[in-house]
Amino acid sequence: MVVLLGGLTAFGALSIDMYLPALPVIAADFGASDGVVERSLATFLAGLALGQLFYGPLSDRIGRQPPLIAGIAIYVLASVLCVFATSPNMLAALRFGQGLGACAGMVISRAIVRDVFDHQESARVFSLIMLVFGLAPVLAPLLGSYLMVLTSWRAIFVFMTLFGLLMLYAVLFRLGETRSDATEATARGEHPIAALTLLATNRKLLGYMLASACNSACLFTYISASPALIMGTHGVSPTGFGWLFGINALGLVLASQFNRFALARFRADSILAVASIIAALFGFTFLVFALLDVGGLPVAMVMLFGILSSFGFMMGNASAGALSVDPSRAGSISALMGATGFTVGGLAMTIASLFADGTAVPMAAVMCVSLTIAAVAFFGLTRGAAAARG
């Protein structure tokens, strides 16, 4: 089941990272500017964020399998049509459809984890799933580049189609229904919007969600801002950038696996508390070095390695904690977490790009503020709510 859940989680990362090396080639093929073609990436992210608010509550109401099957089917159909796209606008519209389908696997897989495992064990399972999340940024671009060399950029969407069909087979024949009777009864007794509203006002849940979303914002910021800083400002070659990108992804993977072993001795919330403080300290230190213009690229990479590694500790434990707040609404909680993460991440990317000046300061400032908010949210809301009840 963990392998299957990892595959479902990989829909988003695979569809983004495999596609990135093809953007200049697609632009040349269509005779369009890079900016026009990059809209297809933005529309995919929009579909990915919006769809989660639909699939999560629906999976609480009618079960995990039906919306999961429907979402993967939409993804497969959109991927097939992307192979035959004839213009940037057509590709952008189809990528939106891809995002609407891909998010089903991402949001429902989190709910399935909570259906099957308790709070502590959920955190360990999420750490295993992070292996897929961490390896995707390394392997997917390489695979995308290889497919383009062999054939054309359209082969990337052929691969996505085959991946979707494989996941569809696995869901149909290897995944049983995991939703509990309590979840069904709760969902049928309330309107989905009412459930989302109720959860959004839960102080403990809000702390987990903000801790997760603001930590994710650092990853979004890094992905969007690091190419200009590392290759543009510091003159690193594309190959060198790929290696640096891979080292940071390795840090994320190693941290998530260390977290899995730490969970055998410590509570998930205790690890989350320590990780949020350390991450905030890394963010503050990075900003100080950036403002003083000390250390150049080596220091920046050490700071980024520490910040991105914190993702491996924060995400699994925050997700497990959030889903434990109200297991009978796991689908709706997963939807809120996903939508919040993409919204905050998109905002962080936008702010960093607006203030980009060729230095590490905008990236460091966004990361420092994000990680500070993450720590304050966890201690002030989640821990505060627990203390108030105590």
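What comes next concerns the included structure.

## What to know about the overall build of the protein
Tallying secondary structure elements over the protein gives 15 helices and 0 strands in all. Against the globule reference of 21 Å for 390 residues, the protein gives a C-alpha radius of gyration of 20 Å, in line with a compact fold. Across the 390 residues that make up the protein, the buried fraction comes to 55%. Long-range contacts, defined as pairs at least 24 residues apart, comprise 85% of the intrachain contacts of the protein with a sequence gap of at least 6. Charged side chains in the protein number 19 positive and 16 negative. The centres of these two groups are separated by 7 Å.

## Re the environment of F379
Position of F379 relative to the elements: it lies in helix 15 (residues 361-389). On a C-alpha basis, the gap between F379 and P67 in space is 35 Å, while along the polypeptide they are 312 residues apart. Dropping the residues within four chain positions of it, F379 is found in contact with A273, S276, I277 and G384.

## Quick word on helix 13 (residues 296-325)
Given 3.6 residues to a turn, an α-helix orients residues that are three or four positions apart in the same direction. Its 30 residues give helix 13 an end-to-end C-alpha distance of 43 Å, which sits within 8% of 44 Å, the value for a rise of 1.5 Å per residue. By the largest-angle criterion, M314 marks the main kink of helix 13, which is about 30°. Of all the 30 residues making up helix 13, 24 are buried; the element is thus mostly covered by neighbouring parts of the structure.

## A short note on helix 2 (residues 23-30)
Listed as buried for helix 2 are L23, I26, A27 and F30. Projected down its long axis, helix 2 carries its buried residues within an arc of 100°, all on one side. One or two steps after helix 2, the chain reaches G31, where phi turns positive at roughly 65°.

## With respect to the nonpolar core
Counting residues in each nonpolar core, the largest one holds 87 residues, and the members touching the most others are L8, Y19 and I72. Per-element accounting of this core gives the leading share, 11 residues, to helix 5 (residues 88-116). If sequence neighbours within four positions are ignored, L8 has contacts with L68, I72, G105, M106, S109, M167 and V171.

## Focus: the side chain of Q52
Tracing the sequence through the fold places Q52 in helix 3 (residues 34-62). Every residue in contact with Q52, bar those within four places of it in the chain, is listed here: P57, C103, V107, R110, S334, A335, G338, A339 and F342.

## Topic: the packing of aromatic side chains
For the structure shown, the criterion picks out 11 aromatic pairs. Among the aromatic residues, those joined into a cluster by ring pairs are Y19, F30, W153 and F157. Sitting over the face of the ring of Y19, R95 holds its NZ or CZ atom 3.9 Å from the ring centroid. Over the face of the ring belonging to F44 we find R95, whose NZ or CZ atom lies 4.4 Å from the ring centre.

## Overview of a nonpolar patch on the surface
There is a patch of nonpolar side chains on the surface, built from F284, V288, L292 and V294 and spanning about 360 Å² of accessible area. Its place among the elements puts V294 in the loop between helix 12 (268-292) and helix 13.

## Details of the pattern of salt bridges
Inspection of every chain in the model, using the stated rule, returns 7 salt bridges. Across the pair E184 and R188 runs a salt bridge, and its minimum N-O distance is 3.3 Å. Here E184 and its partner R188 are both found in helix 8 (residues 181-188), 4 residues apart, which amounts to about one turn of the helix. The network of salt bridges with common partners includes D60, R64 and D115.

## Thoughts on the environment of L5
Mapped onto the fold, L5 is located in helix 1 (residues 2-17). Overall, the relative accessible area of 0% leaves L5 in the buried class. Each C-alpha atom, one on L5 and one on S109, is 5.7 Å from the other, the two residues being 104 residues apart in sequence. With near-sequence residues (within four places) excluded, L5 lies in contact with S109, I112, V113 and I129.

## Topic: the packing of helix 12 against helix 13
Their axes nearest at 9 Å, the elements helix 12 and helix 13 cross at an angle of 155°. The pairing of helix 12 with helix 13 is recorded here as roughly antiparallel in orientation. At the point where helix 12 passes helix 13, the crossing takes the left-handed sense. On helix 13, the residues touching A268, I271, L272, A275, S276, A279, F282, G283, T285, F286 and F289 of helix 12 are V299, A300, V302, M303, L304, G306, I307, S310, F313, M314, N317 and A318. Of the residues assigned to the contact of helix 12 with helix 13, the class counts are 17 nonpolar, 6 polar and no charged.

## Digging into unusual backbone geometry
Leave glycine aside and you will find that most residues have negative phi; peptide bonds, for their part, are mostly trans. With a phi close to 55°, D293 is a non-glycine residue in the positive phi region. Within the secondary structure, D293 sits in the loop between helix 12 and helix 13. Relative accessible area serves as the criterion here: at 69%, D293 is assigned to the exposed category.

## Overview of the environment of M314
By the element assignment, M314 lies in helix 13. In this structure the C-alpha to C-alpha distance between M314 and H119, which are 195 residues apart in sequence, comes to 14 Å. Not counting residues within four places of it along the chain, the set of residues in contact with M314 comprises A211, N215, L272, A275, S276 and A374.

## Comments concerning the side chain of S226
The topology assignment puts S226 in helix 10 (residues 203-233). Residue S226 is classed as buried on the basis of its relative accessible area, which comes to 0%. Of note is the side chain of S226, whose polar atom sits 2.6 Å from the backbone oxygen of Y222.

Rules and cut-offs
- Residues numbered from 1 in each chain as written.
- Predicted model: local features only at pLDDT ≥ 70, side-chain atom pairs only at ≥ 80, totals over all residues.
- Heavy atoms only, no water.
- Helix = DSSP H or I, 4+ residues; strand = E, 2+ residues; numbered from the N terminus.
- Rg over C-alpha atoms; globule rule 2.2 N^0.38 Å.
- Buried < 20%, exposed > 50% of the residue type's maximum accessible area, 1.4 Å probe, protein only.
- Contact = heavy atoms within 4.5 Å.
- Lys, Arg positive; Asp, Glu negative; His and termini not counted.
- Charge placed at Lys NZ, Arg CZ, Asp CG, Glu CD.
- Expected span 1.5 Å × (residues − 1).
- Bend = angle between axes of the 7 residues up to and from the residue.
- Arc of directions from axis to C-beta.
- Core = buried A, V, L, I, M, F, W, Y, C linked by side-chain atoms within 4.5 Å.
- Phe/Tyr/Trp six-rings, centres within 6.5 Å; stacked < 30°, edge-to-face > 60°.
- Lys NZ or Arg CZ within 6 Å of the ring centre and 35° of its normal.
- Patch = residues over 30% accessible without salt bridge, like charges linked within 9 Å, V, L, I, M, F, W, Y side chains within 5 Å.
- Areas by Shrake-Rupley, 256 points an atom, 1.4 Å probe, with all protein chains shown as cover.
- Salt bridge = Lys/Arg side-chain N within 4 Å of Asp/Glu carboxyl O.
- Axes fitted to C-alpha atoms, helices over the stretch in contact; angles between N-to-C directions.
- Parallel < 35°, antiparallel > 145°, perpendicular 65-115°, else oblique.
- Left-handed = near helix turned anticlockwise from the far one by under 90°.
- Nonpolar A, V, L, I, M, F, W, Y, C, P; charged D, E, K, R; others polar.
- Polar contact = N/O pair within 3.5 Å; in protein donor to acceptor, adjacent residues only side chain to side chain.

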